[in-house]
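One-letter residues, chain by chain:
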Amino acid sequence: MLKLLKVEIEKNRAFKPNLSLESYFIAKKYLNNLISIDFSPGGYYREIWIRDSFFIGDFLICEGDSSTSLKLIDLIYRNQINSCSFVLYGKGSPHTNFKVKRAKKELKDFIGGFPTYIGQALEVYGRYPDIDSTCYSIALLSRFVEEFKSKRVAERYWKNVETSLKYLDSRDIDGDGLPEQFHNEDWGDTLMRCGKVSYTIGSYLLALKSALRIAEFLGLTKKIEELSHRFSDAKKQAIRYLWRDDHFVDYVDLSGKIVDRPSQDSILLLLCGIDKSRASKHLKYLTKKLSFKGHIMNITGVKKTAPLYVPRFIYQNSAIWPWLTGLTIRALNVYGFKLKARKLLERIFPYMFFEWFSPLFTRLSGSYPFKTGASSILSIAKFFLTKAHRSLHG
């Protein structure tokens, strides 16, 4: 049956196993086998991608695998950028004309951040280390510490967390309490987003919330007070800048121009404590604007991409991404849209090992087998099937 599942998904057929414990355990066994090989996202990706590691690590933690998840955390934190790191940057940045450079004088501004991925060197795709990759590193550590009650691990990496928070502070260009990014410094590395990006702000709120939980676990009174205020203030600022009528906009660029289009990754804001009224309105807005044949596309309205030209319904321009769908299912469930959440889970379940696929034709798809999407989907599927899984961001 495991072989059959793999073959059917590889052929991109309309293979729709029922959302059942049997299917869940088959897919979980396959994913665990893939993770035992390496921590890369899988398929044609060979590097260790930090943001993908969060979802892979969260899956391992949900499974109670403290040993493997700690190996991943140790690997990530060994590669946090410091003053001696060998870092390449700029491949996705118009600031460098999309050319790779070695960070020399720039390195001092990178300290505390995390690379986009770990390859032969530490590679930063944009002009500066991704805000989301740095935030996910804090969040994964928090998940481990909370789940396994590990004071030893919390103490070992607390100074790394503080260094990361200092780096995130440095990305607040205008001093309003929210970080701003330059072009392509998030997972959508062809979308040319810059400024206050809803997704990136969501990852920042996740990092603050996660750092606060570690501080509470360690009993760091002053840090608890400081981080509580920062988290509360950042939520207010996110609403102030990004909320319009009944939804969150995609981003506000560095000149202050509002780019108001539906973007599925803005869902991350909802999983970090946004009030129920706004969250419910935003979910209705996204599902109305992005629904396509029972799936949710990642975005619409993208007119320019770089450094790659990406046509509509391909890759990051209006395609289906299982890892993002997993977050959407989670948010729908948290805010009371349980039937919609289950239907979306049933729809995406056969395609969980895809990186992405076109809503027009599933044979147009990305890397396979892709661990990130499967990790995201199986983590939330466990909740529906066993009622034993805690919310990723709850």
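Cut-offs applied
Each chain has its residues counted from 1, following the order in which its sequence is written. Residue-level local features of this predicted model are given only where pLDDT is at least 70; pairs of side-chain atoms are given and counted only at 80 or more, and the full residue set underlies all totals for whole chains, interfaces and linings. The basis for every side-chain value is the complete set of non-hydrogen atoms in the structure, without hydrogens or water. Only DSSP runs of H or I reaching four residues or more are called helices, and only runs of E reaching two or more are called strands; each is numbered from the N terminus. A radius of gyration in this sense is built from C-alpha atoms; the matching globule rule multiplies 2.2 Å by the number of residues raised to 0.38. Per-residue accessibility, obtained with a 1.4 Å probe over protein chains only, is compared with the maximum for each type, and a residue is labelled buried under 20%, exposed over 50%, and partly exposed between these values. As used here, the term nonpolar core means buried Ala, Val, Leu, Ile, Met, Phe, Trp, Tyr and Cys residues forming a set that is joined through side-chain atoms within 4.5 Å. Here, residues are in contact when the closest pair of their heavy atoms is within 4.5 Å. Counting of polar contacts relies on pairs of N or O atoms within 3.5 Å, with two restrictions inside protein: one atom must be capable of donating a hydrogen and the other of accepting it, and residues adjacent in sequence are counted only when both atoms are side-chain atoms. Here, a strand pair is defined by DSSP locating no fewer than two bridges between the strands.

Q: How should the overall build of the protein be read in this particular structure?
A: The helix and strand tally for the protein stands at 13 helices and twelve strands. Here the protein has a C-alpha radius of gyration of 20 Å; the compact-globule value for 394 residues is 21 Å, and the two agree. If you line up the protein on its principal axes, its C-alpha atoms span 50 × 45 × 45 Å. Buried residues in the protein amount to 63% of all 394 residues.

Q: How should the nonpolar core be read in this particular structure?
A: Nonpolar side chains tend toward joint burial in soluble globular proteins. Core analysis: the biggest nonpolar cluster contains 125 residues, and Y77, L141, V161, L168, W323, I329 and L345 have the highest contact counts within it. Ranked by residue count, the leading element in this core is helix α7 (residues 198-218), at twelve residues. Each residue touching L141, except ones within four places of it in the same chain, is listed here: I73, Y77, V153, Y157, V161 and I214.

Q: Just checking my understanding: could you explain the side chain of R171 for this structure?
A: Its location among the elements puts R171 in the loop between α6 (151-170) and β6 (196-197). At 3.2 Å, the side chain of R171 and the backbone oxygen of P129 are in polar contact. Apart from residues lying up to four places away in sequence, R171 is in contact with Y128, P129, I131, P179, E180, Q181, F182 and E185.

Q: What is the right way to look at the sheet that holds β6 in this model?
A: Strand-to-strand pairing in sheets goes through backbone hydrogen bonds, with the strands running parallel or antiparallel. The three strands lie next to each other as β6-β9-β10, forming an open sheet whose pairing is antiparallel. Both edges of this open sheet fall to β6 and β10 (258-259), since each of them pairs with a single strand only. Relative to β10, strand β9 (residues 251-252) runs antiparallel, the two sharing two bridges. When the sheet's bridge partners are listed, Y251 is paired in β10 with V259.

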